[in-house]
Amino acid sequence: MNGLSTVFILLGLFLVGGVVSFVRQGMGKSVIVLLGVASVMCLVAGVLRLNVWN
């Protein structure tokens, strides 16, 4: 299932780019926090599915 892990990691990186863009634009902090949490969750899910830590 490396394909699904790759999708999670790429989605997480895409969301991190959104966070950076929103910070530069000065968007509301709630949107930035929500997007940040979503990106961290996607990245963690992708890394855990790769079984790197086992």
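Structure's up top.
Note on numbering: residues in each chain are counted from 1, in written sequence order. Given that this is a predicted model, residues contribute local features only at a pLDDT of at least 70 and side-chain atom pairs are listed and counted only at 80 or more, while totals for whole chains, interfaces and linings are drawn from all residues. In computing side-chain values, all of the structure's heavy atoms are included and hydrogens and water are not.

Some thoughts on helix H1 (residues 2–25)
Between its first and last C-alpha, H1 extends 35 Å over 24 residues, near the 34 Å set by a 1.5 Å rise per residue. Taken together, the buried residues of H1 touch helix H2 (29–49). Starting at the N terminus, helices and strands are each numbered in turn, a helix being any DSSP run of H or I of at least four residues and a strand any DSSP run of E of at least two. Here the expected span of a helix is defined as 1.5 Å times the quantity of residues minus one. Any two residues whose heavy atoms approach within 4.5 Å are treated as being in contact.

Section: the packing of H1 against H2
Fitting a line to C-alpha atoms yields each axis, with helices limited to the stretch in contact; the angle taken between N-to-C directions then spans 0 to 180 degrees. For the pair H1 and H2, interaxial distance at closest approach is 8 Å and the crossing angle is 160°. One finds that H1 runs roughly antiparallel with respect to H2. Like other packed secondary-structure pairs, H1 and H2 cross with a definite hand, here left-handed. Ten residues, namely Ala, Val, Leu, Ile, Met, Phe, Trp, Tyr, Cys and Pro, are considered nonpolar, four, namely Asp, Glu, Lys and Arg, are considered charged, and the remaining ones, Gly among them, are considered polar. Here the residues of the contact of H1 with H2 are counted per class, giving 18 nonpolar, 6 polar and 1 charged. Should an angle lie under 35 degrees it is considered roughly parallel, over 145 roughly antiparallel, and from 65 to 115 roughly perpendicular; all remaining angles are considered oblique. Helix crossings are classified by the rotation of the near helix relative to the far one: an anticlockwise turn of less than a right angle makes the crossing left-handed, while a clockwise turn makes it right-handed.

With respect to the environment of Gly28
Tracing the backbone through its elements, the reader meets Gly28 in the loop between H1 and H2. Sequence separation between Gly28 and Leu10 is 18 residues, and the spatial gap between their C-alpha atoms is 24 Å.

Examining H2
For H2, which comprises 21 residues, the first-to-last C-alpha distance of 30 Å matches the rise-based estimate of 30 Å (1.5 Å per residue) to within 8%. Burial here depends on accessible area, computed with a 1.4 Å probe over protein chains only, as a share of the maximum for the residue type. Under 20% is buried, over 50% is exposed, and the range in between is partly exposed. Of all the residues in H2, the buried ones are Ile32, Leu35, Gly36, Ser39, Cys42 and Gly46. Along the long axis of H2, the arc covered by the buried residues comes to 130°, so they all point the same way. Exposed side of H2, more than 90 degrees from the buried face: Lys29, Ser30, Val33, Leu34, Met41 and Leu48 are the residues found there. On its buried face, H2 sits against H1. To be clear, the arc concerns the directions from the helix axis to the C-beta atoms.

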